[in-house]
Amino acid sequence: MNLTRSFTSLEQLPELLDLVDENAKNAGLPDSLVFRAQVVLEELFVNIFKHAYQGGEGRAEVTLDAAADGLFLRLEDWGPPFNPLTANLPDLQNRFELGIPGGAGLLLVRNMGENPRYSREDGRNILEVLVSVNE
């Protein structure tokens, strides 16, 4: 079951999370997978609009493909090149000690997804990742 939708703002995050829930449940995937897929997508989606589009509007295209082994996620954006798989992770201990919120998103994405792939094609960042039933 393949579904692709375009989004233009961070305010559409609830709509995206609902699509994940509906798509995965229609495919008979477990709630634990739905939760992990939503966490991964939320982190990536928020980062796209917060960093690539600096809090403004832009375009992100999300593809969900549910299968028996999990939910395949593909995100495309037209922001500056950014590979979340090779980006340096922040010093979370230091951030915590200084009371700086956030910073764990990339770590969550890397740990909750399988076989992640990043490419830059025709001015787009493309990230693909599988959230597996076997997690």
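If you're wondering where the values come from, they're calculated on a predicted model, not measured in any experiment.

> Would you explain the overall build of the protein in this entry?
Tallying secondary structure elements over the protein gives 4 helices and 5 strands in all. When the helices and strands of the protein are listed from N to C terminus, the series reads β-α-α-β-β-α-α-β-β. The proportion of buried residues among the 135 residues of the protein is 41%. By sequence separation, contacts in the protein at least 24 residues apart represent 66% of the contacts at least 6 residues apart. Here the protein displays about 7300 Å² of accessible surface, and carbon together with sulfur accounts for 50% of that area.

> What is the right way to look at the pairing of strand S3 (residues 70–77) in this model?
Consecutive side chains of a regular strand alternate in pointing toward one face of the sheet and then the other. Across the 8 residues of S3, 7 count as buried, placing the element largely inside the fold. Sheet topology note: the strand S2 (residues 60–67)/S3 ladder contains 8 bridges and is antiparallel. Counted as the bridge partner of Asp-65 is Phe-72 from S3. Two successive antiparallel strands, S2 and S3, enclose a turn made up of 2 residues. Two strands pair when backbone bridges link them, and S3 and strand S5 (residues 124–132) are joined in this way by 8 bridges, in the antiparallel orientation. Looking at S5, one finds that Leu-71 is bridged to Val-131.

> How should I be thinking about the sheet that holds strand S1 (residues 2–7) in this particular structure?
Within a sheet, adjacent strands bond to each other through the backbone by hydrogen bonds, running parallel or antiparallel. As summarised here, the arrangement of the 5 strands in space is S1-S2-S3-S5-S4, forming an open sheet in which the pairing is antiparallel. The open sheet is flanked by S1 and strand S4 (114–121), the only strands paired with a single partner. The average angle at which neighbouring strand axes cross in this sheet is 15 degrees, direction not considered. Relative to S5, S4 runs antiparallel, the two sharing 6 bridges. For Tyr-118, the partnering residue across the bridge sits in S5 and is Leu-127. Packed on one face of the sheet, helix H1 (residues 13–26) meets S1, S2 and S3 and runs near 175 degrees to S1.

> Please explain the confidence of the model for the protein as it appears in this structure.
A low pLDDT score tells you not to read the predicted coordinates there in detail. On average, residues of the protein score 86 in pLDDT, and 84% of them are at 70 or above. Per-element averaging of pLDDT across the protein places helix H3 (residues 92–98) at the bottom with 65 and S3 at the top with 95.

> Honestly, the pairing of S2 in this entry has me stumped. Any pointers?
Counting buried residues in S2 gives 6 out of 8 residues, a clear majority hidden from the surface. Sheet analysis places S1 next to S2, joined by 6 bridges and oriented antiparallel. Counterpart to Asn-2 in the pairing with S2 is Asp-65.

> How do you make sense of the packing of aromatic side chains when you look at a structure like this?
Ring pairs (aromatic) are described by centroid distance and by the angle formed between their planes. Across all of its chains, the model carries 3 aromatic pairs by this definition. Here Phe-45 and Phe-49 contribute two aromatic rings whose centre-to-centre distance is 4.9 Å and whose plane-to-plane angle is 55 degrees, an arrangement assigned as tilted. With Phe-45 and Phe-49 both in helix H2 (residues 31–52) and 4 residues apart, this pair spans about one turn of that helix. An identical accessibility class is assigned to Phe-45 and Phe-49; each is buried. Taken together, a centroid distance of 5.5 Å and an interplanar angle of 50 degrees make the contact between Phe-49 and Tyr-53 tilted. The two residues Phe-49 and Tyr-53 agree in class, both being buried.

How each quantity is defined
Per chain, residues are indexed from 1 in the order of the written sequence. Per-residue local features are limited, in this predicted model, to residues with pLDDT of at least 70; the limit for side-chain atom pairs, both in listing and counting, is 80 or more; totals at the level of whole chains, interfaces and linings are taken over all residues. Water and hydrogen atoms were dropped before computing side-chain values, which therefore reflect all heavy atoms in the structure. A run of H or I in DSSP becomes a helix once it reaches four residues, and a run of E becomes a strand once it reaches two; helices and strands are each numbered from the N terminus. With a 1.4 Å probe rolled over the protein chains alone, any residue whose accessible area is under 20% of its type maximum counts as buried; one over 50% counts as exposed, and the rest are partly exposed. Note on definitions: a residue-residue contact is assigned when non-hydrogen atoms from the two residues lie within 4.5 Å. Surface exposure here means Shrake-Rupley accessible area, sampled with a 1.4 Å probe, where a residue is shielded only by the protein chains that are shown. Being paired, for any two strands, means DSSP has found at least two bridges between them. Axis definition: a line fit to C-alpha positions, over the contact stretch in the case of helices; interaxial angles, taken between N-to-C directions, run 0 to 180 degrees. Each residue carries a pLDDT score, the predictor's confidence in it, ranging from 0 to 100. Each aromatic pair joins two rings of Phe, Tyr and Trp (for Trp, the six-membered one) with centres within 6.5 Å, and gets the label stacked for planes under 30 degrees apart, edge-to-face for over 60, and tilted for any other angle.

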